[in-house]
Amino acid sequence: MEEGGSLAGAAARELREETGLSVDVKDLGPRVAETSGYADLGWADGMFQDNFFHHRVTSRHVDISGQEAHERAHHAGHRWWALDELAASIDTVHPSVSWS
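The sections below set out a description of the structure shown in this document.

## Examining the pattern of salt bridges
Working definition: two side chains of opposite charge can pair if their charged atoms are close together.
Part 1 of the reasoning: If you walk through the whole model with that rule in mind, you get 5 salt bridges.
Part 2 of the reasoning: Where Arg 13 meets Glu 14, a salt bridge forms, and the shortest distance between an N and an O atom there is 3.0 Å.
Part 3 of the reasoning: When its relative accessible area of 30% is taken as the criterion, Glu 14 is described as partly exposed.
Part 4 of the reasoning: For Lys 26, the salt bridge goes to Asp 27, with nearest N and O atoms at 3.9 Å.
Part 5 of the reasoning: When salt bridges with common partners are traced through the structure, they connect Arg 13, Glu 14 and Glu 17 into a single cluster.

The following block contains the structure:
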């Protein structure tokens, strides 16, 4: 997060940089989850906090050209999940979700 910036502002900026989707901060939905802990990302390590916001999209196009080179080097890919697929998956998904 940039000095003096808001959490929603940082989320909108990261969304644009990492997916190519530009969203005005006022159009970003509410924060729906948070996770924190130690992570070694390969290019940075330490304590991290991730905040997740709700936002519906009409396009499924993802453009990772805004990522920095070290981010692209560690990017494993992306995919869109239907809710039932996500609920049935045995893959590790963050943030952890309870499907009860």
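## Regarding the pairing of strand 2 (residues 45-53)
Part 1 of the reasoning: Inspection of the sheet shows strand 1 (residues 31-40) paired to strand 2 by 9 bridges, in the antiparallel sense. Counterpart to Thr 35 in the pairing with strand 2 is Asp 50.
Part 2 of the reasoning: Turn length for the strand 1-strand 2 hairpin, with the two strands adjacent in sequence and antiparallel, is 4 residues, and the turn residue Gly 42 shows positive phi of about 90°.

## Details of the side chain of Gln 67
Part 1 of the reasoning: Relative to the elements of secondary structure, Gln 67 occurs in the loop between strand 2 and helix 2 (69-73).
Part 2 of the reasoning: Residues in contact with Gln 67, not counting those within four places in the same chain, are Glu 17, Glu 18, Arg 72 and His 75.

## A look at the environment of Glu 3
Part 1 of the reasoning: Summarising the element assignment, Glu 3 is placed in the segment before helix 1 (7-19).
Part 2 of the reasoning: The exposed category is assigned to Glu 3, whose relative accessible area is 83%.

## Here we look at helix 1
Part 1 of the reasoning: For helix 1, spanning 13 residues, the distance from its first C-alpha to its last is 18 Å, which sits close to the expected 18 Å at 1.5 Å a residue.
Part 2 of the reasoning: Those residues of helix 1 that sit buried are Ala 8, Ala 10, Ala 11, Ala 12 and Arg 13.
Part 3 of the reasoning: Among the structural elements, strand 2 are those in contact with the buried residues of helix 1.
Part 4 of the reasoning: A positive backbone phi angle near 85° is found at Gly 20, which sits one or two residues after helix 1.

## Points about the side chain of Asn 51
Part 1 of the reasoning: Relative to the assigned elements, Asn 51 resides in strand 2.
Part 2 of the reasoning: A polar side-chain atom of Asn 51 sits 2.6 Å from a polar atom in the side chain of Arg 31.
Part 3 of the reasoning: Those residues in contact with Asn 51 that sit more than four places away from it in its chain are Leu 7, Arg 31, Ala 33 and Glu 34.

Rules behind the numbers
- Residues numbered from 1 in each chain as written.
- Predicted model: local features only at pLDDT ≥ 70, side-chain atom pairs only at ≥ 80, totals over all residues.
- Heavy atoms only, no water.
- Salt bridge = Lys/Arg side-chain N within 4 Å of Asp/Glu carboxyl O.
- Buried < 20%, exposed > 50% of the residue type's maximum accessible area, 1.4 Å probe, protein only.
- Pairing = 2+ DSSP bridges.
- Helix = DSSP H or I, 4+ residues; strand = E, 2+ residues; numbered from the N terminus.
- Contact = heavy atoms within 4.5 Å.
- Expected span 1.5 Å × (residues − 1).
- Polar contact = N/O pair within 3.5 Å; in protein donor to acceptor, adjacent residues only side chain to side chain.

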